[in-house]
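# Fold and geometry: a report
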Amino acid sequence: MIAKLFGFHGGIKPDTHKDESAREPIRRAPLPARLIVPLRHNTRAIARCIVEPGQKVLKGQRIGEAEGVLGTAVHAPTSGTVVEVTHHVMPHPSGLPTGCVVIEPDGEDRWGERVPLDPATCSTRQTVLGHLRDMGIVGMGGAAFPSHIKVGTEKRAGTLILNGAECEPWITSDDRLMRERAPAILRGAEILRELVGATRILVGIEDNKPEAIAAMREAASALDPAPEIVPVPTLYPAGGERQLIRVLTGIEVPHGKLATEFGVQCFNVGTAEAVHRAFDLGEPLIARVVTLTGNVERPGNWEVLIGTPVEDLLPLVDPRPGTDRYLLGGPMMGFAMPDLSVPVVKGTNCIIAASPELFPPPPPEQPCIRCGACAEACPADLQPFELYWFSRARNFGKAQEYHLFDCIECGCCAYVCPSNIPLVDYYRFAKSEIWAREREQNAADQARERFEFRNYRIEREKAEKAARLAAKAAETKAKLAEGAAAPKADDDPKKALVAAALARAQAQKAAVEPKNTDNLPPAVQAEIAEIEQRRKQATGQTDDAPAADGTAATGDEARKARIAVALERAAGRRGEREQEEP
Amino acid sequence: MLTAVLVMAVLALVIGAALGWASIRFKVEGDPLVDQIDAILPQTQCGQCGYPGCRPYATAIANGEADINQCPPGGEEGIRHLADLLGREFKPLDESHGVEKPKSVAVIDEQTCIGCTLCIQACPVDAIVGAAKQMHTVVDPLCTGCELCVAPCPVDCITMVPVPETVETWKWRYPVFKLEPAA
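Residues numbered from 1 in each chain as written. Chains lettered and ligands numbered in written order. Predicted model: local features only at pLDDT ≥ 70, side-chain atom pairs only at ≥ 80, totals over all residues.

## Topic: the overall build of chain B
Helix and strand counts for chain B stand at five helices and four strands. Going from N to C terminus, chain B has its helices and strands arranged as α-α-α-α-β-α-β-β-β. Relative to its length of 183 residues, chain B is extended, with a C-alpha radius of gyration of 25 Å against a globular reference of 16 Å. Projected onto the principal axes, the alpha-carbon positions of chain B cover approximately 90 × 60 × 35 Å. Expressed as a percentage of the 183 residues in chain B, the buried residues total 23%. Looking at chain B alone, contacts between residues at least 24 apart form 56% of all its contacts between residues at least 6 apart. (Helix = DSSP H or I, 4+ residues; strand = E, 2+ residues; numbered from the N terminus. Rg over C-alpha atoms; globule rule 2.2 N^0.38 Å. Buried ≥ 20, exposed ≤ 12 C-beta atoms within 10 Å, placed from the backbone. Contact = placed C-beta atoms within 7 Å.)

## Comments concerning the domain arrangement of chain A
Residue and element names in this part refer to chain A. Partitioning chain A into structural domains gives domain 1 (19-354) and domain 2 (372-505). A straight line from the C-alpha centre of domain 1 to that of domain 2 covers 41 Å. Opposite the seven residues of domain 1 that make contact, domain 2 presents eight residues. (Domains from an automatic or database assignment.)

## Quick notes on helix H3 (residues 54-62) of chain B
Residue and element names in this part refer to chain B. Burial in H3 covers these residues: Cys54, Arg55, Tyr57, Ala58 and Ile61. Buried residues of H3, viewed axially, fall in a sector of 160 degrees; they line one side. Turning to H3, the residues buried within the fold contact helix H2 (32-40). (Arc of directions from axis to C-beta.)

## With respect to the sheet that holds strand E15 (residues 325-328) of chain A
The strands that make up a sheet are held in pairs by hydrogen bonds between backbone atoms, and each pair lies either parallel or antiparallel. Residue and element names in this part refer to chain A. In spatial order, the strands read E1-E14-E13-E17-E15-E16; together these six strands make up an open sheet with mixed pairing. On the outer flanks of this sheet lie strand E1 (27-28) and strand E16 (335-336), each paired with one strand and no other. Direction of pairing for E1 relative to strand E14 (residues 300-305): parallel, over a ladder of two bridges. Looking at the pairing, Arg27 lines up with Trp302 of E14. (Pairing = 2+ DSSP bridges.)

## Here we look at the domain arrangement of chain B
Residues and elements named next belong to chain B. Annotation of chain B at the domain level lists domain 1 (32-97) and domain 2 (104-162). Between domain 1 and domain 2, the C-alpha centre-to-centre distance is 26 Å. Between domain 1 and domain 2, the contact holds six residues from the first and seven residues from the second. Residue composition of the side of domain 1 that touches domain 2, grouped by class: one nonpolar, five polar and no charged. (Nonpolar A, V, L, I, M, F, W, Y, C, P; charged D, E, K, R; others polar.)

## Side note on the confidence of the model for chain B
Residue and element names in this part refer to chain B. The predicted model of chain B averages 89 in pLDDT, with 98% of residues at 70 or higher. By mean pLDDT, H2 is the weakest element of chain B at 89, and helix H1 (residues 2-25) is the strongest at 95. The ipTM, which scores confidence in the relative placement of chains, is 0.83 for this predicted complex, and the corresponding pTM is 0.78. (pLDDT = per-residue confidence, 0-100.)

## Regarding the sheet that holds strand E4 (residues 56-57) of chain A
All names here are of chain A. Reading across the sheet, the four strands line up as E2-E8-E7-E4 and stay open at both edges, with antiparallel pairing between neighbours. Across the chains shown, the open sheet's two edge strands, defined by having one partner strand only, are strand E2 (35-38) and E4. Pairing of strand E7 (residues 80-89) with strand E8 (residues 97-105), which is carried by nine bridges, proceeds in the antiparallel orientation. In the strand pairing of E8, Thr81 is matched with Glu104.

## Quick word on the packing of H2 of chain B against helix H4 (residues 75-86) of chain B
Residues and elements named next belong to chain B. Running from N to C, H2 and H4 point in directions that differ by 160 degrees, and their axes come no closer than 9 Å. Overall, the two elements H2 and H4 adopt an arrangement that is roughly antiparallel. Along this stretch, H2 crosses H4, giving a crossing that reads as right-handed. Where H2 approaches H4, its residues Gln36, Ile37 and Ile40 are matched on the opposing element by Gly78, His81, Leu82 and Leu85. For the contact of H2 with H4, the class distribution of residues is four nonpolar, three polar and no charged. (Axes fitted to C-alpha atoms, helices over the stretch in contact; angles between N-to-C directions. Parallel < 35°, antiparallel > 145°, perpendicular 65-115°, else oblique. Left-handed = near helix turned anticlockwise from the far one by under 90°.)

## Brief notes about the packing of H2 of chain B against H3 of chain B
Residue and element names in this part refer to chain B. Contact geometry of H2 with H3 gives a least axis separation of 8 Å together with a crossing angle of 125 degrees. The angle between the axes of H2 and H3 places the two elements in the oblique class. In the packing of H2 onto H3, the handedness of the crossing is right-handed. In this structure, H2 contributes Leu33, Val34, Ile37 and Asp38 to the contact, and H3 contributes Cys54, Arg55, Ala58, Thr59, Ile61 and Ala62. Counted by class, the contact of H2 with H3 contains seven nonpolar, one polar and two charged residues.

## Overview of the nonpolar core
Residue and element names in this part refer to chain A. In terms of nonpolar packing, the biggest core is built from 127 residues, with Met216 and Leu423 touching the most fellow members. In terms of residue count, helix H5 (residues 182-196) provides more of this core than any other element does, nine residues in total. Here this core spans two domains, since at least three of its residues come from each of domain 1 (19-354) and domain 2 (372-505). Look past the residues within four positions of Leu423 in its chain and what remains in contact with it is Cys374, Pro384, Tyr388, Cys413, Ala414 and Cys417. (Core = buried A, V, L, I, M, F, W, Y, C linked by C-beta atoms within 7 Å.)

## Points about helix H6 (residues 210-221) of chain A
Residues and elements named next belong to chain A. When the terminal C-alpha atoms of H6 are compared, their 16 Å separation across twelve residues agrees well with the 16 Å that a helix rising 1.5 Å per residue should span. Taken together, the buried positions of H6 are Ala212, Ile213, Ala215, Met216, Ala219 and Ala220. The arc that holds every buried residue of H6, seen down its axis, measures 165 degrees, which confines them to one face. Along H6, exposed side chains directed more than 90 degrees from the buried face belong to Pro210, Glu218 and Ser221. Of the surrounding secondary structure, the elements contacted by the buried residues of H6 are strand E9 (159-164), helix H4 (173-180), H5, strand E10 (200-206) and strand E11 (228-232). (Expected span 1.5 Å × (residues − 1).)

## Considering unusual backbone geometry
Residues and elements named next belong to chain A. Geometrically, the link from Asp224 to Pro225 is a cis peptide bond, its omega value of -5 degrees lying close to zero. Locating Pro225 in the fold gives a position in the loop between H6 and E11. The residue Glu166 is not glycine, and still its phi comes out positive at about 45 degrees. You can see Glu166 is positioned in the loop between E9 and H4. Phi is positive for Asp381, which is not a glycine, with a value near 60 degrees. Position of Asp381 relative to the elements: it lies in the loop between helix H10 (373-377) and helix H11 (384-392).

## Things to note about the pairing of E7 of chain A
Looking along a regular strand, one sees side chains alternate from face to face of the sheet. Where E4 of chain A lies against E7 of chain A, two bridges are found, and the strand directions are antiparallel. Bridging from a neighbouring strand, Lys56 of chain A pairs with Thr81 of chain A of E7 of chain A.

Printed below as a string of structure tokens:
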């Protein structure tokens, strides 16, 4: 047993408002007319769609393939037909669309093939991690961080912590889950313990959930070694990962380090239940428990299929008149829903109907009076007022020096601020600006590199071309020098070139011979020879006759004489024609 | 008196030698200021500043030949950074070099492209792929939006399309609202 609990700095105690929704057991939400399953569950990775419109899908069938390091698979939450693959508004403060698969349920809710996996008998670790990824298991606490990445870190953790603190007001989904499905959660925890190589399991539950603590203790007593169920003091944000680790183990995870490096791994209770389903039943993550509460008639918890539009859930609880907006997540860290058609995703734990009575609009922002109340409340040991000034002045370098990225955006500082400054909005603004700048800087560095390489390439190509031309010129010159030495010793390279070309052409002409006279039988060869002989004789009688007389020089005269005779003949014929015609 | 003069002379020699050695041993290649300026410039390589690329412009600023307000893609913020670095006064962007625009990328209408390769030759970051008489296309993530490919296209098939905001690139808005006088 844990002898002593530790504390963390700061924290606040807002009204919990948990009783409203924690009374009723978890009910199953009816099938909606359409499921809009986003291919993305966090901002970092999007799955690749592997279905087409018109295709029939079965419950649990994979419709999105994991892509990238942080990618996880996406599955059809029920059986039906894919209507379209489109862009739809995502439950994200931006209200921007993202890739979604729209499925029309056929009402049969027919399971596809379910493949359980026993991690104990599994040959390689890679198979186990691949199973987690392909079952689409992500953190169910809200951030939807892929579990296979968390489990897959090299470093072994000695302690596995299950986070059942659920510190944020209004939310009771983990509370009901622990009350009703404690054995499943602990079974998942045992699988996770094996995967991370831990020796003990600690379950941290805030002490305002006695029923959940009792149910978990009962389930734990049946196990060996029994997980320790530890009630922790109710203090927001005890459910923050670092805060819970600090409370349970006393380990303070330093800036820039991961909890694994200190032998601790932390998972949400909902994640543990999903892990149990994935390994023991072969069921992917296709549904989750969502708290529907706030300004409604019948608050409670529902098991909702991923992709169910929020507007289809509202009739289950009957929002009271006066509801002016809906919050996704808790009142401390959640955000107003951009549109009522947004689907429930793996990280959606709560939907709150907000009215001006329950959540009065914040009074106008006043200047900071440097009271330091925010620093006293900050559970991350930061100086929120400094971060506020630097963020407001857009002095992001300085904000980072004051460890802006250690801020968990819990909202304690804004809650206690007597000047009603929306401090977290400033931190979120500064963080996203810094990320955008990093992206821009990376793009600029890449552009610089590519620009410099292009210039280098152009220079190189120029140099190569010049070298090629120079080499060719040198070669020609050398050839000329060779050719010029032979017949005329002509210095003009052009003339020499022409002469060389002529000589080449002549040589080629001389080399041309009838090609079809080779490889013939001797009889045919003899015949050809005979024909050639006859041809020679035939031409020789006219031409060779004078030469045969022995005077080669007279050949020319004889030709001249013949020409003269022919000319006379022609003149005579012309004269005859002239006499006849007139 | 003589001793003092000697001591001073020897000291001067020793220190002079040490300085001379240090200036050779620790010589800095290139101008570090140019690198610092280049790091601030957006690397669009668009040439709107009047220099053939960001680095030549950085060199020109370092040499005092160019002013700091000639880079439209860097915008007001870039000028502020340059002013901080160089210890000069901020001055508004020189409109004669262009105006600040939202980040865009070039998009080639692939139906119209005749495959002349002129845009490929114009692209300063080799972000266009294609071959003679083959369709060309722009590799979006590499495009800096410099618009240098738009003018050479003989069939005007290149358009600049502003990059839309996505869930990944979305930024939280500045929480301070400007007060405006009621009309």
